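Here is how the chains run, residue by residue.
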Amino acid sequence: MRKMTATYPARWLASLALLVLAATGAGCGGGDDPSPPRDGALTIYSSLPRQGILARAAGAVAAGQRLALADARGRAGGRAVRLVELDSAGGEDGPWDPDAIEENARRAGEDQSAIAYLGELDLGGSAVSVPVTNAEGLLQVTPGDGLPSLTRTAPSGGEPPVRYYPEGRRNFIRVVPHAGLQAQALVAWARERGARSIAIVRDESVFGRELAEWLLDLAERARLPAETERISAEIDDHEAVARDVAERRPGAVLLTALAGRDTDLTVAALRRVLPAAPLLATSAVAPDPPDGVDFLDPRLPAREYGAAAGRILRRLERAAGAPVGPAALYGYEAMRLVLDAVDRAGARPGDRAAVLRAAAGPRPVDDVLGRYFLAPDGDVSTSAFGAYRSERGRVRALGVRSAEAGGTRPPP
């Protein structure tokens, strides 16, 4: 697979044309690998899927990243900064390709001008890139990957996050809550819907497996009987999966599988055999949710963000001539964290270790996503998720759920 690459010099980033490209994703065309900068510029790499189920969200995230750099006039720490965008797509169906991600991270790590890596977008791809960037001492900020094991151990124990950090020091920051909090909110949601037992349906993805483990642990702690059923593309019998789940008569079904054909068919089969049971899903289905599910997503309904976020979304919308989703805010925030760290590195803006120290928590952050606390492990203090319902091919916002407080706050 030929890699798609786009490079944005600082002077061009500040132009109006950038905003149009940022909003539409049109700036991400194919091209030869860019040569190292000769003007002392620093480089930020971005790894996003340009096709497949995450492509639409990736376009919004890329728009936010470019706009944040443009708003900084393409500079940080007194140095010019360029953005190099790389493709992490796994084809038309898969969310990302592990080989592409590893290559992206390795390329960024080996570029002596690189000061940070923005990736991955979602669903566990960072498990591939973090060990590579960590070995190179390169700051990595994800705009959307909530895979819990990157920062913490499951409630029942298991392998700790240290396996992702061969150099010992953490280099990973995310701007979304870790998805273990999603699991917590889903269990609370199921209990609120009257469930006295649950069935967990997962797939073979790293995200699906990991979230299923968290749900089992949390259900046990809540004294909520739970069993797991697996969707497998190799066993093309979704009716059998649904029948196995129905035999247990669960009060609710919790889905951790990724969006796609097998998940759609399994959900349809579950709806036939368990028409009254709530079907609740993680953000893994958010890119293309099947009908008949309620799901959580770290990206809140657009009205839930503050005035600064609203201005950014309106600027992008005017440039694109169409709405740009809240995912753009997380791209903007990830870029802002990097640029702020370079500024805070003082006299050593090109020193990776200095930038890592400047980026690391504990510290408060107050930017486009509002006020939150950045912990030393790279997690943020926020624990709110958008709650959505998918029916008849449309998605409707139900409000916001908090992992701590439980309950759904309706949208304004």
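Each remark here, short or long, concerns the structure printed above.
Residues numbered from 1 in each chain as written. Predicted model: local features only at pLDDT ≥ 70, side-chain atom pairs only at ≥ 80, totals over all residues. Heavy atoms only, no water.

(A) Main features of helix α8 (residues 238-247). Considered for burial, the residues of α8 that qualify are His-238, Val-241, Ala-242, Val-245 and Ala-246. Down the axis, α8 shows its buried residues gathered within 135° of arc, on one side only. Immediately downstream of α8, the backbone of Arg-249 shows phi near 50°, a positive value. (Buried < 20%, exposed > 50% of the residue type's maximum accessible area, 1.4 Å probe, protein only. Helix = DSSP H or I, 4+ residues; strand = E, 2+ residues; numbered from the N terminus. Arc of directions from axis to C-beta.)

(B) Just the pairing of strand β9 (residues 226-230), in detail. Pairing between strand β8 (residues 198-202) and β9: 5 bridges, direction parallel. Residue pairing in the sheet places Arg-202 in a bridge with Arg-230 of β9. Taken together, β8, helix α7 (residues 206-221) and β9 form a β-α-β motif whose crossover is right-handed. (Pairing = 2+ DSSP bridges. Right-handed = clockwise from strand over helix to strand, strands pointing away.)

(C) Broad picture of the nonpolar core. Within the largest apolar cluster, 109 residues are counted, with the highest numbers of intra-cluster contacts made by Ile-44, Leu-139, Val-141, Ile-198, Leu-254 and Leu-329. Counting residues per element, this core draws most heavily on helix α11 (residues 327-344), at 12 residues. Ile-231, Val-245, Ala-257 and Val-285 belong to the second-largest nonpolar core, a separate cluster that totals 21 residues. (Core = buried A, V, L, I, M, F, W, Y, C linked by side-chain atoms within 4.5 Å.)

(D) Structural view of unusual backbone geometry. The omega torsion of the bond from Gly-119 to Glu-120 falls at 0°, within 30 degrees of zero and hence cis. Structurally, Glu-120 can be placed in the loop between β5 (114-118) and α5 (126-135). A positive phi angle is found at Arg-73, which is not glycine, with a value near 55°. Summarising the element assignment, Arg-73 is placed in the loop between α3 (55-71) and β3 (75-76).

(E) View of the side chain of Ser-390. Tracing the chain through its elements places Ser-390 in strand β15 (residues 384-391). A polar contact is formed between the side chain of Ser-390 and the backbone oxygen of Pro-289, at a distance of 3.4 Å. With sequence-adjacent residues up to four places away left out, Ser-390 is seen in contact with Pro-289, Pro-290, Asp-291, Gly-292, Val-293, Phe-295 and Val-395. (Polar contact = N/O pair within 3.5 Å; in protein donor to acceptor, adjacent residues only side chain to side chain. Contact = heavy atoms within 4.5 Å.)

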